[in-house]
Structure formats: C-alpha cells, structure tokens
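Descriptive analysis of the structure
Here's the letter readout for the chains.
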Amino acid sequence: MAIIRWNPWQEIDTLQRQFDRLFADTIAPTVGDDWKTFGRMPAAELSETEDVVQLKLEVPGVDAKDLNVEVTEDIVSIKGERKSEIRSEDKGMSRSEFYYGTFQRVIPLPARIQNTQVQAEYKDGILHLTLPKQQEERNKVVKVELN
C-alpha cells in the first residue's frame, strides 16, 4: 500500500470550486427594487472579423415583441421579459426551475460600429446581431513601439 501525502490546499481548492458552482447556479441578479422580480442575464457569444462584429444572445422562451435591443457605437443593451405561463391544476404538484421576469444586459463592443446599419435576426430563441464596423475602425492600424 502506497503512502499518499495529505495536501490541505487541494481540499481548500476543491471546496472553493464547489462553492463557486453552488452560487453560480442559484443566485440570479435582481432587476429593480422588487425582490420578487428575478432575471437571468442571457448568455452571449461575440465574434469579430475585419468588417463586422457578430453577437449572439440566448433568450429562449421570449417573444420578439418582449425584447428591446438598443445599440450605440460602442455598446449593445438588451432588455426583455420572460412571461410566466399561468396553469391551474386541480390535483397533483407542479415544479418549475424556469426563471421568469425581466432581465437586462449591457455588452461593451470591441470596436466602434455603425449603429444605423445593424441587422438583427431572431430564430429559435437565439438573437443574432450583425454589427458593421465604422470605416475608420476597419482601416485602423496602430504602430507598436518596441523597447
């Protein structure tokens, strides 16, 4: 049988990861002063090419009419509401892990964009924004000084 040394730091690290996972899964940011209004920020995926910035936001279960997307030259702001379905059950129990209520997310963009030329598509709970860069951002070259 081999002797294994006890490393207390490994156990502390494991405990820290478990707490991080616990709180990341259970705490939802509140919107406004009403503690009953909880929301989850939609997950985002950002990619950039020479000409455009592509932004995808995951907003399942939200109708397009319940989304408000505002774009400036350097940020995208999305607000929305996931409305609860009211069900009445005579017998039995109902359990839901869905998050209902309002949400808001502000995403800073890596480059200045032409906010009058933004294209949006909403399909299957994914909001896809195509954000064309401003002309001076496309041709921007920065010289790096080496020491």
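To be clear, the structure that these remarks concern was listed above.
This next bit is on unusual backbone geometry. Backbone geometry at Asp124 places phi at a positive 55 degrees, although glycine is not the residue there. Along the chain, Asp124 turns up in the loop between strand S6 (119-123) and strand S7 (126-132). Given the relative accessible area of 72%, Asp124 is considered exposed.

To continue, consider the pattern of salt bridges. Between side chains of opposite charge, a pair can form as their charged atoms come close. Enumeration according to the criterion identifies six salt bridges in this entry. Close ionic contact of Lys56 with Glu45 constitutes a salt bridge, the shortest N to O distance being 3.9 Å. Placement of the pair is Lys56 in strand S2 (residues 52-58) and Glu45 in strand S1 (residues 43-48), with a sequence separation of 11 residues. The class for Glu45 is partly exposed, based on a relative accessible area of 49%. Residue Asp66 pairs with Lys65 through a salt bridge whose shortest N-O separation is 3.8 Å. A cluster of three or more residues bridged by salt bridges with shared partners is formed by Asp63, Lys65 and Asp66.

Conventions we followed
Residues numbered from 1 in each chain as written. Predicted model: local features only at pLDDT ≥ 70, side-chain atom pairs only at ≥ 80, totals over all residues. Heavy atoms only, no water. Helix = DSSP H or I, 4+ residues; strand = E, 2+ residues; numbered from the N terminus. Buried < 20%, exposed > 50% of the residue type's maximum accessible area, 1.4 Å probe, protein only. Salt bridge = Lys/Arg side-chain N within 4 Å of Asp/Glu carboxyl O.

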